[in-house]
Amino acid sequence: MFKLENNEELTDIKLNEFLSQHTAECTNRYSKLEKAYRTDYPIFHQKEKPDWKPDNRIAVNFAKYIVDTMNGFFIGNPIKVTADEENIGKYIEMLDQYNDQDDNNSELAKICKIYGKGYEMYYVDDQANIGITYLTPMEAFMIYDDSILCRPRYFARLYKDADGVLHGSISDDTRVRYFTQKGKLTWDPEDKIHGFDGVPAVEYVENEEHMGIFEPVLNMINAYNKAISEKSNDVDYFADAYLKVLGAIVDEESIKDIRDNRIINFPGALKDILPEVDFLQKPDGDATQEHLIDRLEKLIFQISMVANISDQNFGQTTGIALKYKLQAMSNLEKTEERKFTSGMNRRYKLIFSNPVSGMKKDDWLKLHYYFTPNFPANVLEESEIAQNLDGIVSQETQLSTLSIVDSAQNEIKKIDQEKEKQQSSVVDQQLMERLNNGQQNVLEPEGSSTASEEHHR
């Protein structure tokens, strides 16, 4: 974490120090995490073996599997944002749609899982609308004060051009300044007022320690890749084992005949020595290798707290047993949910502070966030649970047990609207029946009189 005293200004010297620290952190930590997610493991960069030795390089990308699986579980169902007032809800709906915020949230959550934290930056675009974009820790960093509250003081956003020259911007609570680092820092003559009441960026964290979700098991992933690569090498060793011939002299022509015809015959064996033919074999460590590979795989999923949902036994589990298998992931999801909620509070607090939004500064307090973990759903089982809850809990709680219902409140409104429509149809039908009966009553006396006259005739 980068910190600066409250009464200390961000000078060029201090900024260069922060930039150097950031570069070192990217090199020593963040780049390794990014490479792991992109299947660029140390196994591919080891020293090459001699040509006569098998040198297979196999990497199983547990890092990507863990990140994508947990991200789908956490935010596979988009976050629902509701507001106490209709005008606030409509603005949030427009803002999120304008910025493709469902996709932004998913990418930001993925960044947090890879690096342990990520950033969201806010600005006013050419259309006079508020824009939202996400950044990785390799592209940006936040500078905090040294108080116990760790309040943001500056936000740095960085990028390199095609020539490798570093460019960036520094935002404080009122302005944005732009710089170029080419030997020394050079500042643009003009800065801009961003219009937000505070540093226009938010740091989202995966956990309090800022650790990536697969970072604690990265050394085990590297060990797994090494073990399975050596396993593949052993397969090649046995496939290309040397033929050992004792007690006979074999010339080059005979060797070629043996290889082509798969027949071995030694009429000229050495005197009083029985020929012996077999393959040279290295000691077999297959059982040890398999045990190590299985143990590493189990530990990777156990320590990362992400279930191996691709396991063949996993799909056979249902009901409460499935909940228990996903309990560790659920606990992890709850922590992420609280951290993400904290970030979203700061997001809308900053956005509503900008006059462009048209909102009051405190309107962000009227927002509510709903996260729906992406559990495998058994709709039949859920419907039975919902029916059993009838008359025991409220209708909203009853409907919230159904995964097919995105919003229990909206579903209740739809149910009420359907009831009103049905009641209206019943009333209309009763009215038509009354009108029809009234017409028949009016026609009946005339018919009766005519029938009486015919009788007298």
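Going by the structure above, here's the rest.
Asks: For the overall build of the chain, give the residues involved together with the corresponding values.
Replies: Secondary structure assignment for the chain yields 12 helices and 14 strands. Out of the 457 residues in the chain, the part that is buried amounts to 35%. Excluding contacts between residues fewer than 6 apart, the proportion of contacts in the chain whose partners are at least 24 apart in sequence is 64%. Of the roughly 28,600 Å² that the chain leaves accessible, carbon and sulfur atoms contribute 50%.

Asks: Tell me about unusual backbone geometry, and name the residues and values.
Replies: Backbone geometry places aspartate 100, a non-glycine residue, at a positive phi of 50°. Assignment of secondary structure puts aspartate 100 in the loop between α3 (86–98) and α4 (101–115). A positive phi angle is found at methionine 305, which is not glycine, with a value near 65°. Relative to the elements of secondary structure, methionine 305 occurs in the loop between α7 (286–304) and α8 (319–325). Take methionine 305: its relative accessible area is 31%, and that puts it in the partly exposed class.

Asks: Account for the sheet that holds strand β11 (residues 201–205), with residues named and values stated.
Replies: Overall, antiparallel pairing links the three strands, which are arranged β4-β3-β11 in an open sheet. Every interior strand has two partners, whereas the edge strands, β4 (130–135) and β11, have only one. Taking each pair of neighbouring strands and ignoring which way they run, the sheet shows an average axis angle of 20°. The pairing of strand β3 (residues 117–124) with β4 spans six bridges and is antiparallel. In the strand pairing of β4, methionine 121 is matched with threonine 133.

Asks: Account for the pattern of salt bridges, with residues named and values stated.
Replies: Throughout the structure, instances matching the rule amount to 19 salt bridges. Among the salt bridges present, the one from arginine 38 reaches glutamate 34, with a minimum N-O distance of 3.6 Å. The salt bridge involving lysine 231 is made with glutamate 290; its shortest N-O contact spans 3.4 Å. Of this pair, lysine 231 sits in helix α5 (residues 218–239) while glutamate 290 sits in helix α7, placing them 59 residues apart in sequence. Linked by salt bridges that have partners in common, Glu85, Asp363 and Lys366 make up one network.

Asks: Quick one: what's the story with the packing of helix α2 (residues 62–75) against α4, residue by residue and with numbers?
Replies: Two elements in contact, α2 and α4, have axes whose closest approach is 10 Å; the angle formed by their N-to-C orientations is 135°. Here α2 is positioned oblique relative to α4, judged by the angle of their axes. For the pair α2 and α4, the sense of crossing is right-handed. Every residue of α4 that contacts α2 at Val67, Asp68, Met70, Asn71, Phe74 and Ile75 is listed here: Asn105, Ser106, Ala109, Lys110, Lys113 and Ile114. A breakdown of the residues in the contact of α2 with α4 according to their chemical character gives six nonpolar, three polar and three charged.

Asks: Account for the pairing of strand β8 (residues 175–182), naming residues and giving values.
Replies: Two elements, strand β7 (residues 166–171) and β8, share six bridges in a ladder whose sense is antiparallel. Bridge pairing in β8 links glycine 168 to phenylalanine 179. Once β7 ends, the chain turns through three residues before running back antiparallel as β8. Note: β8 against strand β10 (residues 192–193), two bridges, orientation antiparallel.

Asks: Give me the nonpolar core: which residues, what numbers.
Replies: Residues Ile66, Ile213, Phe214 and Ile300 are the most contacted members of the largest nonpolar core, which totals 34 residues. Secondary structure elements with two or more residues in this core: α1 (12–37), α2, α4, α5, α7 and α9 (327–353). The dominant element in this core, judged by the number of residues it contributes, is α2, at six residues. Excluding anything up to four places from it in sequence, phenylalanine 214 contacts Leu33, Ala36, Tyr37, Ala63, Ile66, Val67, Lys113 and Ile114. Listed in part, the 27 residues of the second largest apolar core include Phe74, Met344, Tyr348 and Ile351.

Asks: Which residues make up a negative patch on the surface, and what values do they have?
Replies: A surface patch of like charges, here negative, comprises Asp251, Glu252, Glu253 and Asp257. With respect to the helices and strands, the residue glutamate 253 is situated in helix α6 (residues 252–261).

Asks: Give a detailed account of a nonpolar patch on the surface, specifying residues and quantitative values.
Replies: Together, Leu431, Met432 and Leu435 give the surface a local cluster of nonpolar side chains, amounting to about 300 Å² of exposed area. Within the secondary structure, leucine 435 sits in helix α12 (residues 408–456). In this structure leucine 435 comes out as partly exposed when scored by relative accessible area, which is 48%.

Asks: Could you give an account of the environment of isoleucine 132, with specific residues and numbers?
Replies: Tracing the sequence through the fold places isoleucine 132 in strand β4. We classify isoleucine 132 as buried; its relative accessible area is 6%. Placed 37 residues apart in sequence, isoleucine 132 and leucine 95 show a C-alpha to C-alpha distance of 9.1 Å. If sequence neighbours within four positions are ignored, isoleucine 132 has contacts with Leu95, Asn99, Gln101, Asn104, Glu120, Met121, Tyr122, Tyr123 and Ile351.

Asks: Please set out the packing of α1 against α4 residue by residue, giving values where relevant.
Replies: One can describe the packing of α1 onto α4 by two numbers: an axis separation of 9 Å at closest approach and a directional angle of 115°. The pairing of α1 with α4 is recorded here as roughly perpendicular in orientation. Contacts between α1 and α4 involve Arg29, Tyr30, Leu33, Glu34 and Tyr37 from the first element and Lys110, Ile114 and Tyr115 from the second. By residue class, the composition of the contact of α1 with α4 is five nonpolar, no polar and three charged.

Asks: Which residues make up α1, and what are the values?
Replies: Over its 26 residues, α1 extends 35 Å from the first C-alpha to the last, a length consistent with the 38 Å expected when each residue adds 1.5 Å. Along α1, the helix axis deviates most sharply at cysteine 26, where the bend reaches about 45°. Listed as buried for α1 are Leu15, Phe18, Leu19, His22, Cys26, Tyr30, Ser31, Leu33, Ala36 and Tyr37. A positive phi of about 65° marks threonine 39, the residue just after α1.

Rules and cut-offs
- Residues numbered from 1 in each chain as written.
- Predicted model: local features only at pLDDT ≥ 70, side-chain atom pairs only at ≥ 80, totals over all residues.
- Heavy atoms only, no water.
- Helix = DSSP H or I, 4+ residues; strand = E, 2+ residues; numbered from the N terminus.
- Buried < 20%, exposed > 50% of the residue type's maximum accessible area, 1.4 Å probe, protein only.
- Contact = heavy atoms within 4.5 Å.
- Areas by Shrake-Rupley, 256 points an atom, 1.4 Å probe, with all protein chains shown as cover.
- Pairing = 2+ DSSP bridges.
- Axes fitted to C-alpha atoms, helices over the stretch in contact; angles between N-to-C directions.
- Salt bridge = Lys/Arg side-chain N within 4 Å of Asp/Glu carboxyl O.
- Parallel < 35°, antiparallel > 145°, perpendicular 65-115°, else oblique.
- Left-handed = near helix turned anticlockwise from the far one by under 90°.
- Nonpolar A, V, L, I, M, F, W, Y, C, P; charged D, E, K, R; others polar.
- Core = buried A, V, L, I, M, F, W, Y, C linked by side-chain atoms within 4.5 Å.
- Patch = residues over 30% accessible without salt bridge, like charges linked within 9 Å, V, L, I, M, F, W, Y side chains within 5 Å.
- Lys, Arg positive; Asp, Glu negative; His and termini not counted.
- Charge placed at Lys NZ, Arg CZ, Asp CG, Glu CD.
- Expected span 1.5 Å × (residues − 1).
- Bend = angle between axes of the 7 residues up to and from the residue.

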